[in-house]
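# Structural characterization, general
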Amino acid sequence: MMNVNLTVDAKGLACPMPIVRTKKAIDQIESGEVLEVLATDKGSKADIKAWADKIGHQYLGTLEEGDVLKHYIRKARSEEEKEEQNYPHVATNEELAAKLEAGITVLDVREPAEYAFGHIPGAVSVPLGDLEGGIGELDKEKETFVVCRTGSRSDMAAQKLTELGFMNVKNVVPGMSKWEGPTA
């Protein structure tokens, strides 16, 4: 059994709330202590792992018990922590809608169920957790707009794509939660 110092309940909450609660809770524990995050949002697994990696905390893993995902993160020592950076190149929903006919790539990093319930026509579905393995066929030179529900997962994805050599990436904010353009 894992020794947990603090448990945060994010069950029933959609992105970005599990990560928002996780960020607040991690500040309440000491370096080396373990935070347990209870969530039902399937996307939270990729979100929390990506966030922990980005900040320098140790993602210990996720246990599934029925519908509940139990995520475990060990807080980094202050000298290991990295300053959280937001991806600097952002596009609005309206800017994306205006470019849809221009031969751009729209990369949807939400979970498959979210994508299935409505996405931008022609968007490529690669969930955040599958990003490194799922982008092999994408053109790194092409203008790429990354979309999720609110702009939180897509921010992490845009940073990762840039690290992987993509030249022209934009994070779409606020994303599908406020998308008024066409959907498929």
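What comes next is a walk through the structure. (Residues numbered from 1 in each chain as written. Predicted model: local features only at pLDDT ≥ 70, side-chain atom pairs only at ≥ 80, totals over all residues. Heavy atoms only, no water.)

### As for the overall build of the chain
The number of helices and strands found in the chain is 6 helices and 9 strands. Considered along the principal axes of its C-alpha atoms, the chain spans approximately 55 × 35 × 25 Å. Counting over 184 residues, the chain shows a buried share of 46%. For the chain, restricting intrachain contacts to residue pairs at least 6 apart in sequence, the fraction spanning at least 24 positions comes to 71%. In the structure as shown, the chain presents an accessible area of about 9300 Å², 49% of it carried by carbon and sulfur atoms. Between the centroid of the 22 positive side chains of the chain and the centroid of its 31 negative side chains there is a distance of 2 Å. (Helix = DSSP H or I, 4+ residues; strand = E, 2+ residues; numbered from the N terminus. Buried < 20%, exposed > 50% of the residue type's maximum accessible area, 1.4 Å probe, protein only. Contact = heavy atoms within 4.5 Å. Areas by Shrake-Rupley, 256 points an atom, 1.4 Å probe, with all protein chains shown as cover. Lys, Arg positive; Asp, Glu negative; His and termini not counted. Charge placed at Lys NZ, Arg CZ, Asp CG, Glu CD.)

### Considerations on the pattern of salt bridges
Evaluation of the coordinates by the stated rule reveals 13 salt bridges. Between Arg-153 and Asp-47 there is a salt bridge; the shortest N-O distance is 3.7 Å. With a gap of 106 residues between them, Arg-153 in helix α6 (residues 152-163) and Asp-47 in helix α2 (residues 44-55) connect regions that are remote in the sequence. The class of Arg-153 is buried, set by a relative accessible area of 1%. In this structure Asp-47 comes out as buried when scored by relative accessible area, which is 4%. With its nearest N and O atoms 3.4 Å apart, the salt bridge here joins Lys-160 to Glu-163. (Salt bridge = Lys/Arg side-chain N within 4 Å of Asp/Glu carboxyl O.)

### Some words on the environment of Glu-30
With respect to the helices, strands and loops of the structure, Glu-30 is situated in the loop between α1 (17-26) and β2 (34-39). Between the C-alpha atoms of Glu-30 and Asn-5, which are 25 residues apart in sequence, the distance is 9.0 Å.

### Remarks on the nonpolar core
Ranked by size, the top nonpolar core spans 30 residues in total, and within it Leu-35, Val-109, Leu-131 and Leu-161 carry the most contacts. It is α2 that provides the largest number of residues to this core, a total of 5 residues. Leaving out residues up to four positions away in the same chain, Leu-161 has contacts with Leu-107, Leu-131, Ile-135, Thr-144, Val-146, Phe-166 and Val-169. Counting residues in each nonpolar core, the second largest holds 12 residues, with Leu-96, Val-106, Phe-145 and Met-176 among its members. (Core = buried A, V, L, I, M, F, W, Y, C linked by side-chain atoms within 4.5 Å.)

### A word on the environment of Gln-58
Looking at where Gln-58 falls in the secondary structure, it is placed in strand β3 (residues 58-65). For the pair formed by Gln-58 and Arg-74, sequence separation is 16 residues and the distance between their alpha carbons is 5.0 Å. Setting aside residues no more than four positions away along its own chain, Gln-58 makes contact with Tyr-72, Ile-73 and Arg-74.

### Observations concerning the pairing of strand β8 (residues 144-147)
Judged by which residues are buried, β8 turns out to be covered on both faces: Thr-144 and Val-146 on one side and Phe-145 and Val-147 on the other are all buried. Pairing geometry for β8 and strand β9 (residues 169-173), over 3 bridges, is parallel. Note on β9: the bridge partner recorded for Phe-145 is Lys-170. Handedness of the β8-α6-β9 crossover: right-handed. (Pairing = 2+ DSSP bridges. Right-handed = clockwise from strand over helix to strand, strands pointing away.)

### Details of the sheet that holds strand β6 (residues 105-108)
Strand order in the open sheet formed by 5 strands is β5-β9-β8-β6-β7, and the pairing between neighbours is parallel. Whereas interior strands pair on both sides, the edge strands pair on one side only; in this sheet they are β5 (90-92) and β7 (124-125). Where β6 meets β8, 4 bridges bridge the pair, whose relative direction is parallel. Directly across from Thr-105, in β8, lies its bridge partner Thr-144. Sitting on the sheet, α6 is in contact with β6, β8 and β9, with an inclination near 180° to β9. (Axes fitted to C-alpha atoms, helices over the stretch in contact; angles between N-to-C directions.)

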